[in-house]
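Residue-level structural notes
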Amino acid sequence: MKTILSVKNLKKYFSVKNSWGNDVALVKALDGVDLEIESGKTFGIVGESGCGKTTLMRTLLRLVEPTSGSVVLSEEIVGEQGSSNKLEELSSEELRKFRRKIGVVFQDPMGALNPRMIIKDIVSEPLVIHGKTDRIREKVIELLENVGLSEEHLYRYPHEFSGGQRQRIVIARALALDPKILVLDEPTSALDVSVQAQILNLLNDLQKKYDLTYIFISHDLSVIEYMCDRLAVMYLGRVVEEADTDALFSNPQHPYTKALLSATPSFDKNKEKIMILGDVPSPITYLDESKAKLATEMTEQEKLEIKAIEGKGIDYIVRSSLNDVPPLIQISDRHYARVR
């Protein structure tokens, strides 16, 4: 399968300063991420809040500059005349062209829409910015019809629509410039369950119609399982497991992945439950070497939590054990995990 976008050892560190303005620590939002995104497929990125999913999305869009590493673009994205296929090396004009090839659907549809603009202007805005103003009204109507809306919605404001309809408008705007990739950042988490299903089915239909590649960011594993062909699990800025979706759900290897899957709601009362004990460790790495390493010894809180569930037949993992980061190794064909 053809690769449309590759992430190579991507790192993004944010500095922490003291009262005098000196750097004392780093927040390692991304710490050596490697990914291969296949053309025409849906690649899922899953993990709990704070694991680095959204920072990865912002770095892929070059809304923030990476500390190191690179995002390598295929010829399909950068074009034959591009001076470089690395995102961080694109000139301002090349970056402008790149952004025509990648659309974004955000988590909160109301927050993504200007409440003072009518829908015609919202959906046509990317076309106006990039100078594609020929037959603009017809294009906007076509985009709205593609997502299940119609011409009668052109002159309404965002507050006049339901949550699901607003997300359809966001999707229509994301498709305005005929992108090759759509980045979907929690696109259904703010919607009712029944509306979620409608939006997911719409996204599947659009992917087939326009041969789109999706990067699907979510913490909802049931949505990820339904939508994604391949999946990466992130924890504290690193990919801890990556595999085809069926393989990962049927044979998880990393203890964090196993705990995430066990937390998925199920009607099976006999399903194994794995609790994660302890608090999420701070992603801050101090420049003082004596404080630099995350503690791998069990904390007092974790000991107390273990004592509270003893004898109840509950399996568990402790957060401190996840701070030991082994290298990513191959488990089977296209299945990789950080296990010893």
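What comes next is a walk through the structure. Think of each chain on its own: its residues are numbered from 1, step by step along the sequence as written. Under the rules for a predicted model, residues below a pLDDT of 70 receive no local features and side-chain atom pairs below 80 are neither given nor counted, while totals for whole chains, interfaces and linings still include all residues. Hydrogen atoms and water are omitted, and side-chain values are computed over all heavy atoms in the structure.

A short note on the pattern of salt bridges
Each salt bridge in this description consists of a side-chain nitrogen of Lys or Arg and a carboxyl oxygen of Asp or Glu lying within 4 Å of one another. Scanning the entire structure with this criterion turns up 15 salt bridges. Between Arg230 and Glu242 there is a salt bridge whose closest N-O contact spans 3.2 Å. Here Arg230 is found in strand 8 (residues 230-235), whereas its partner Glu242 is found in strand 9 (residues 238-244), with twelve residues between them in sequence. In this structure, Asp244 engages Arg230 in a salt bridge whose closest nitrogen and oxygen atoms are separated by 2.9 Å. Placement of Asp244 in strand 9 and of Arg230 in strand 8 is noted, with a sequence separation of 14 residues between them. Only protein chains enter the accessibility calculation, which uses a 1.4 Å probe; a residue whose area is less than 20% of its type maximum is buried, one above 50% is exposed, and one in between is partly exposed. Given a relative accessible area of 8%, Arg230 falls into the buried group. Counting from the N terminus, the helices are the DSSP runs of H or I reaching at least four residues and the strands are the DSSP runs of E reaching at least two.

Quick notes on the packing of helix 5 (residues 119-129) against helix 7 (residues 163-174)
Simply put, an axis is a line fit to the C-alpha atoms, just over the touching stretch for a helix, and the angle between two N-to-C directions goes from 0 to 180 degrees. Taken N-terminus to C-terminus, the directions of helix 5 and helix 7 make an angle of 30 degrees; their axes are 7 Å apart at the nearest point. On helix 7, the residues touching Ile119, Ile122, Val123 and Pro126 of helix 5 are Ile169, Ala172 and Arg173. Residue composition of the contact of helix 5 with helix 7, by class: six nonpolar, no polar and one charged. Throughout, a residue-residue contact means that at least one pair of heavy atoms, one from each residue, lies within 4.5 Å. Under the convention adopted here, Pro, Cys and the residues Ala, Val, Leu, Ile, Met, Phe, Trp and Tyr are nonpolar, Asp, Glu, Lys and Arg are charged, and Gly plus all remaining residues are polar.

A word on the sheet that holds strand 8
Any two strands with at least two DSSP-identified bridges between them are counted as paired. What the eight strands build is an open sheet, ordered 5-6-7-3-8-9-14-13; its pairing is mixed. In this open sheet, the two strands that pair with only one neighbour each are strand 5 (102-105) and strand 13 (329-332). With strand direction ignored, the average angle separating the axes of adjacent strands in the sheet is 20 degrees. For strand 6 (residues 181-185) and strand 7 (residues 213-218), the ladder comprises five bridges, and the chain directions are parallel. Residue pairing for strand 7: Val183 is matched across the bridge by Ile215. Seen against the sheet, helix 7 touches strand 5 and strand 6 and runs at an angle of roughly 170 degrees to strand 5. Across the sheet, helix 8 (residues 193-210) is in contact with strand 3 (42-46), strand 6 and strand 7; its angle to strand 7 comes to roughly 155 degrees.

Without other data, these values stay purely geometric and don't point to any function.
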